[in-house]
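Each chain, written out:
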Amino acid sequence: MASIFKVSGSSMEPIISHNSRVWIRVSAYDIRVPGTDLRLIPLRDPAAGDIVLLSHPRTGEAILKQVVGTPLQHLDLQNGSGQIGSYRFDLPNSSTLRLYSRVPPGYYMVLGTNQAASQDSRHFGFVPREAIRGKVLGIRHNGR
């Protein structure tokens, strides 16, 4: 099952621009009770590189981010920056990520591809598996 999501904001540029539409496969990772985050049947786990629709951990708002860290993956943090796998990122002073050396079990690290404009795991921490609602299958850029 797929649904269409209209993008608002620039946190995923240049891959996905403001006002683009993305097709989300809501059953990519599990089967859920419709309209809820309640998982009935787990199918597979998100992988590093997947662009996902998730519920913002603080507000519940639907947002798009790229999975860069999977459960138990090692974080290399030093001098205001970090790396997880092949993904490099700047680390704000207020980031709670500074307390971790690994992604906790059952959690994921997500980043926007436009770090300067993105509120992501560097700001709100790791995302629980249950918050990931679907995977981006396709993009229709605005005006095309």
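Residues numbered from 1 in each chain as written. Predicted model: local features only at pLDDT ≥ 70, side-chain atom pairs only at ≥ 80, totals over all residues. Heavy atoms only, no water.

What the protein chain contains, in helices and strands, is one helix and twelve strands. Along the chain direction, N to C, the helices and strands of the protein chain fall in the order β-β-β-β-β-β-β-β-β-β-α-β-β. With respect to the three principal axes, the spread of C-alpha positions in the protein chain is 40 × 40 × 25 Å. Long-range contacts, defined here as pairs at least 24 residues apart, represent 55% of the contacts in the protein chain between residues at least 6 apart. For the protein chain, the exposed surface amounts to about 7600 Å²; the carbon and sulfur share of it is 51%. Positive and negative side-chain charges of the protein chain, numbering 17 and 10 respectively, have mean locations separated by a distance of 5 Å. (Helix = DSSP H or I, 4+ residues; strand = E, 2+ residues; numbered from the N terminus. Contact = heavy atoms within 4.5 Å. Areas by Shrake-Rupley, 256 points an atom, 1.4 Å probe, with all protein chains shown as cover. Lys, Arg positive; Asp, Glu negative; His and termini not counted. Charge placed at Lys NZ, Arg CZ, Asp CG, Glu CD.)

This part takes up the packing of aromatic side chains. As enumerated under the stated definition, the model contains one aromatic pair in all. Ring centres of tyrosine 100 and phenylalanine 126 lie 5.0 Å apart, and the angle between their planes is 90°; this geometry places the pair in the edge-to-face category. You can see tyrosine 100 sitting in the loop between strand 9 (87–90) and strand 10 (107–111) and its partner phenylalanine 126 sitting in the loop between helix 1 (121–124) and strand 11 (127–128), a full 26 residues away along the chain. Given a relative accessible area of 37%, tyrosine 100 falls into the partly exposed group. Classification of phenylalanine 126 by relative accessible area gives buried; the value is 9%. (Phe/Tyr/Trp six-rings, centres within 6.5 Å; stacked < 30°, edge-to-face > 60°. Buried < 20%, exposed > 50% of the residue type's maximum accessible area, 1.4 Å probe, protein only.)

What the three strands build is an open sheet, ordered 7-8-9; its pairing is antiparallel. If you trace the sheet from one side to the other, it starts and ends with strand 7 (76–78) and strand 9, each paired once. Each strand axis lies, on average, 15° off the axis of its neighbour in the sheet, ignoring direction. (Pairing = 2+ DSSP bridges. Axes fitted to C-alpha atoms, helices over the stretch in contact; angles between N-to-C directions.)

One ladder, built from three bridges, connects strand 3 (residues 30–32) with strand 4 (residues 39–42); its direction is antiparallel. Across the sheet, the residue bridging to arginine 32 is arginine 39, located in strand 4. Between strand 3 and strand 4, which pair antiparallel and follow one another directly, the connecting turn spans six residues, one of which, glycine 35, has a positive phi of 80°.

Taken together, the side chains of Ile31, Leu38, Leu40, Ile41 and Leu43 make up a nonpolar region of the molecular surface, amounting to roughly 450 Å² of accessible area. Mapped onto the elements of the fold, leucine 43 is located in the loop between strand 4 and strand 5 (51–55). Leucine 43 gets classed as partly exposed once you look at its relative accessible area, which sits at 46%. (Patch = residues over 30% accessible without salt bridge, like charges linked within 9 Å, V, L, I, M, F, W, Y side chains within 5 Å. Salt bridge = Lys/Arg side-chain N within 4 Å of Asp/Glu carboxyl O.)

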